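Descriptive analysis of the structure
In case you want the letters, here they are:
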Amino acid sequence: LEGFLFRKHELEGPNKKASNRSWVNLYCVLSRGDLGFYKDAKGQASGSTHGGEPLVPLHQATSQVASDYKKKKNVFKLKTGDGNEFLLQAKDEEEMKNWLQALAAS
Ligand code: I3P
């Protein structure tokens, strides 16, 4: 699964608030158990992630609807095994469900 989502980095480690907390629109690619964030599809083709970030491993990650986040709609939360937490906003509920299903299967 791949496509654009808005992303906010909430935590960059256990209980460590991320320093860059603004929402950015990123091309998200779920492939082989990893989630990559890119500027666009070209970025993915060249393998250069947004900000040179490492791919996010999904094997110990959990995701769920961010029901505690009220400022935007269709937002879900991804928590990784190393304590990173991202809020991700889909364009509608169907797209959000597609992402949650794909993440749960990874
Ligand atoms: C952040 C930006 C985010 C906001 C975040 C701010 O500022 O306004 O939209 O999160 O608030 O720190 P900046 O763009 O200057 O980095 P919300 O949209 O969720 O309010 P936060 O630090 O309280 O998470």
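To keep things clear, this report deals only with the structure shown in the data block. (Residues numbered from 1 in each chain as written. Predicted model: local features only at pLDDT ≥ 70, side-chain atom pairs only at ≥ 80, totals over all residues. Heavy atoms only, no water.)

1. Focus on the nonpolar core
- Ranked by size, the top nonpolar core spans 17 residues in total, and within it L35, F37, F76 and L78 carry the most contacts.
- Contributions of two or more residues to this core are made by β3 (24-31), β4 (34-38), β7 (75-79), β8 (84-89) and α2 (93-104).
- Per element, the largest residue contribution to this core is four residues, and it comes from α2. (Core = buried A, V, L, I, M, F, W, Y, C linked by side-chain atoms within 4.5 Å. Buried < 20%, exposed > 50% of the residue type's maximum accessible area, 1.4 Å probe, protein only. Helix = DSSP H or I, 4+ residues; strand = E, 2+ residues; numbered from the N terminus.)

2. A closer look at the side chain of K8
- Structurally, K8 can be placed in strand β1 (residues 2-13).
- Using a relative accessible area of 11% as the deciding quantity, one classes K8 as buried.
- For K8, the contacting residues outside a window of four places in its chain are R21, S22, W23, Y69, E85, F86 and L87. (Contact = heavy atoms within 4.5 Å.)

3. Thoughts on the pattern of salt bridges
- The tally for this structure, following the rule as stated, stands at nine salt bridges.
- Residues E85 and K77 are paired through a salt bridge, measuring 3.7 Å at the closest nitrogen-oxygen approach. Across the pair, exposure class does not vary: E85 and K77 are buried alike.
- A salt bridge links K97 to E93, with the shortest nitrogen-to-oxygen separation between them at 3.1 Å. Note that K97 and E93 are positioned in helix α2 at a spacing of four residues, about one turn of the helix.
- Look at K97 and you get partly exposed, because its relative accessible area is 47%.
- Take E93: its relative accessible area is 44%, and that puts it in the partly exposed class.
- Within the structure, one salt-bridge network assembled from shared partners comprises K8, E10 and R21. (Salt bridge = Lys/Arg side-chain N within 4 Å of Asp/Glu carboxyl O.)

4. Here we look at the site of the ligand
- Around the ligand lies a shell formed by K8, R21, S22, W23, Y69 and K71.
- In isolation the ligand exposes 510 Å². Once the protein is present, 49% of that is buried.
- Across the shell around the ligand, the residue classes tally to two nonpolar, one polar and three charged. (Near = heavy atom within 4 Å. Areas by Shrake-Rupley, 256 points an atom, 1.4 Å probe, with all protein chains shown as cover. Nonpolar A, V, L, I, M, F, W, Y, C, P; charged D, E, K, R; others polar.)

5. Side note on the pairing of β7
- Where burial is concerned, most of β7 is hidden: four out of the five residues are buried.
- Summarising the sheet, strand β6 (residues 62-65) and β7 pair through four bridges and their orientation is antiparallel. The partner of V65 across the bridge, within β7, is F76.
- Where β7 folds back on β8, the antiparallel hairpin that results is connected by four residues, among which G83 adopts a positive phi of roughly 90 degrees. (Pairing = 2+ DSSP bridges.)

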